[in-house]
Amino acid sequence: MYSSNLPTWISSNTSNFNKNLLFHQFNQNPFLAFPQILPQKTLSQSPSPLTPIQSRLRELRERIKTVKNTQKITEAMKLVAAAKIRRAQEAVINGRPFTEALVEFLYALNENLLCEDIDCPLTVIRPVRKVALVVITGDRGLCGSFNNVVIKKAESRIAELKDLGLDYTVISVGKKGNSYFRRKDDVLVDRFVEGGGFPTAKAAQMIADDVFSLFVSEEVDKVELVYTKFVSLVKSNPVIRTLLPLSVKGEVLDVNGNCVDAMEDELFRLTTKEGKLIMERDRVRVKGGGISPLMQFDQDPVQILDAMMPLYLNSQILRALQESFASELAARMNAMSNATDNAVELKKNLSIVYNRERQAKITAEILEIVAGAEALT
C-alpha cells in the first residue's frame, strides 16, 4: 500500500563495491539510513520521507496536547458559570414580582393624581430634547455574542435618536461597554461605571443617583435602559426600557410632537397573565389591578410619591443589572459548553490523523528494512 512512497535506493547498475559496503554496514547496524551512502543522483530523485513524517508527528502531538489543555480550561469555566447562574436566576425570578407590583402601583397612583395639582419631578413629561441611555454590558468576555448584541442595540438606538434630531448621552455600565465607548470619539458618554460582580443594591443606588440628578436638573428629558433580558438558560433578548419619566400616556413626545419611544420598548410590552409573563405591545400602560377604592392613605400623596420614586429607580436598575448578569452567565455557560464540545471533536480528529501518520511511518520503516535486505541478497 505504501510502496509508492518507497524510494529506489538500489539501482540495477550498483557496483560490487557499493554492494559490499552496504552489506558490511547492514551487518553492523540493520536500522542504518541507507540514503546517506548512495550516490547524489539517486538521492535527488527520491528523497526520504522519514524527516517530514517525524516532524508532522511532533506537531500533531503538540497540537493534541494544546487542545487537551484548552478543553480543561473551557470545561472548568463552564462549571463555574453553571454554579453561579443558579443564584443569579433565583435573584431574577424572586425580584420580578416586587418590581412589577411596584410599577403597577405607581402607575395607578399617578393616574389617580393627574387631576390634582401635585408636583413630582420624576413624573413630569417634558418635550424631549436630550435622551440618556444607560447601557449595561458584562465585565468579562468568553460569553459569545452577549456584549456585542447589547452594544449593537445601543448603537441602533443612538442612530434612531440622531435621525430624530435629538441629543443623547450614554451612561456605560460594565467593563466591556466602557472599553468600547472609550474608543468611540463620536459617542458622548456622561459616566463610566465599573461592574463589581454580583449586582447589589449599592451599585444600583449609585447609578440611580446619577440618573436622578440628570433628570431633575433637566439635563435630559428621558432616560432609557438598554440591557439583556433573561428569558431562559439558552435564550436572552436585548431590550430597551423607558425608565423616566413615569408616564401613563404610554408615549413621550419631542418638541415637534413626534413619539421618541423605541418601537421595542419593554415598558409597553411586558404584561402578566395567570401569573406568567407574556410579551405584548401596549401603547397605553402596563396593565395592573389598580388601586382599591377602599384604600386610604395616611400621608399626603406627594410624600408617598417622593418616597417611592427613589425606590422605583433603584428597583428597576437593580432588576436590569440582575437580568444582564444572569444572561451573561448563561451565555458564558453555553459558549464554554460549545467550546468544550469542539475541543473534544478536534482532539478526536487529530488523534485519527496522528495514528494514521504513525502507522504510515512504521510501515515505511519496515519496507525500507525489507528493501535493504532484498538488495543485499
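Reading guide: rules and limits
- Residues numbered from 1 in each chain as written.
- Predicted model: local features only at pLDDT ≥ 70, side-chain atom pairs only at ≥ 80, totals over all residues.
- Heavy atoms only, no water.
- Core = buried A, V, L, I, M, F, W, Y, C linked by side-chain atoms within 4.5 Å.
- Buried < 20%, exposed > 50% of the residue type's maximum accessible area, 1.4 Å probe, protein only.
- Helix = DSSP H or I, 4+ residues; strand = E, 2+ residues; numbered from the N terminus.
- Contact = heavy atoms within 4.5 Å.
- Lys, Arg positive; Asp, Glu negative; His and termini not counted.
- Salt bridge = Lys/Arg side-chain N within 4 Å of Asp/Glu carboxyl O.
- Polar contact = N/O pair within 3.5 Å; in protein donor to acceptor, adjacent residues only side chain to side chain.
- pLDDT = per-residue confidence, 0-100.
- Phe/Tyr/Trp six-rings, centres within 6.5 Å; stacked < 30°, edge-to-face > 60°.
- Lys NZ or Arg CZ within 6 Å of the ring centre and 35° of its normal.
- 1 Å grid on protein atoms, 1.4 Å probe; cavity = no way out; pocket = protein on both sides within 12 Å on 5 of 7 lines; lining within 4 Å.
- Points joined across faces, edges and corners; volume = space filled by probe spheres on them.
- Nonpolar A, V, L, I, M, F, W, Y, C, P; charged D, E, K, R; others polar.

S.K.: Would you mind showing me how to read the nonpolar core here?
M.R.: A general trend in soluble globular proteins is that nonpolar side chains are found buried together. Formed by 37 residues in total, the largest nonpolar core has its most connected members in Val134, Val223, Leu243, Leu244 and Tyr312. Of all elements in the fold, only α3 (50-112), β1 (130-136), β2 (167-173), α6 (201-216), β4 (222-232), β5 (235-244) and α7 (301-376) reach the threshold of two or more residues within this core. By residue number, the principal contributor to this core is α7, which donates ten residues. In contact with valine 223, other than residues within four places in its own chain, are Ala132, Val134, Val211, Phe215, Arg241, Thr242, Leu243 and Leu244. Judged by nonpolar contacts, the second largest core, of 17 residues, contains Leu166, Tyr168, Tyr180 and Val187.

S.K.: How should I be thinking about the side chain of aspartate 139 in this particular structure?
M.R.: Take aspartate 139: it is sitting in the loop between β1 and α4 (146-163). Arginine 140 is the oppositely charged side chain nearest to the buried, salt-bridge-free aspartate 139, at an N-O distance of 5.4 Å. Separated by 3.1 Å, the side chain of aspartate 139 and the backbone nitrogen of lysine 175 make a polar contact. Setting aside anything within four residues of it in sequence, one finds aspartate 139 in contact with Gly174, Lys175, Lys176, Gly195, Gly196, Gly197 and Glu328.

S.K.: Looking at this structure, how should I read the confidence of the model for the chain?
M.R.: Detailed reading of the predicted coordinates is not advisable wherever pLDDT falls low. For the chain, per-residue confidence averages 75 on the pLDDT scale, and residues scoring 70 or more make up 69% of the total. Across residues 267-272, where pLDDT falls below 50, the model places 32 contacts with residues more than four positions away in sequence or in other chains. Across residues 275-288, where pLDDT falls below 50, the model places 43 contacts with residues more than four positions away in sequence or in other chains.

S.K.: Please clarify how the environment of glutamate 218 should be interpreted in this entry.
M.R.: Mapped onto the elements, glutamate 218 comes out in the loop between α6 and β4. You can call glutamate 218 exposed: its relative accessible area is 52%. C-alpha of glutamate 218 to C-alpha of proline 121: the two residues are 97 residues apart in sequence and 9.7 Å apart in space.

S.K.: I tried to follow the packing of aromatic side chains on my own but got confused; where do I start?
M.R.: What characterises a pair of aromatic rings is the spacing of the ring centres plus the angle enclosed by the ring planes. Here the structure, examined in full by the defined rule, presents two aromatic pairs. Over the ring of phenylalanine 215 we find arginine 126; its NZ or CZ atom is 4.6 Å from the centre of that ring. The lysine or arginine in question, arginine 182, covers the ring of phenylalanine 192, its NZ or CZ lying 4.3 Å from the ring centre.

S.K.: Help me out: how do you make sense of the layout of surface pockets in this one?
M.R.: Over the atoms a probe the size of a water molecule is rolled, and this reveals where empty space is left. Approximately 530 Å³ is the volume attributed to the largest pocket. Taken together, 29 residues form the lining of the largest pocket, with Asp139, Gly197, Phe198, Phe325 and Glu328 sitting closest to its centre. Among the elements of the structure, α3, α6 and α7 are those that each provide at least two residues to the lining of the largest pocket. For the lining of the largest pocket, the element with the highest residue contribution is α7, accounting for six residues. For the lining of the largest pocket, a count of residues per class yields 14 nonpolar, eight polar and seven charged.

S.K.: Would you mind showing me how to read the environment of proline 121 here?
M.R.: If you trace the backbone, proline 121 turns up in the loop between α3 and β1. According to the relative accessible area criterion, proline 121 is partly exposed, its value standing at 33%. Proline 121 sits 184 residues away from leucine 305 along the chain, and the two C-alpha atoms are 9.8 Å apart. The contacts of proline 121, once residues within four sequence positions are left out, are Phe215 and Val216.

S.K.: Help me understand unusual backbone geometry in this model?
M.R.: Here the residue pair leucine 244 and proline 245 is connected by a cis peptide bond, since its omega of 0° sits within 30 degrees of zero. Mapped onto the elements of the fold, proline 245 is located in the loop between β5 and β6 (270-273). The phi torsion at leucine 142 lies on the positive side, around 55°, for a residue other than glycine. Residue placement: leucine 142 occurs in the loop between β1 and α4. Leucine 142 gets classed as exposed once you look at its relative accessible area, which sits at 53%. For glutamate 218, which is not a glycine, the phi torsion comes out positive at approximately 65°.

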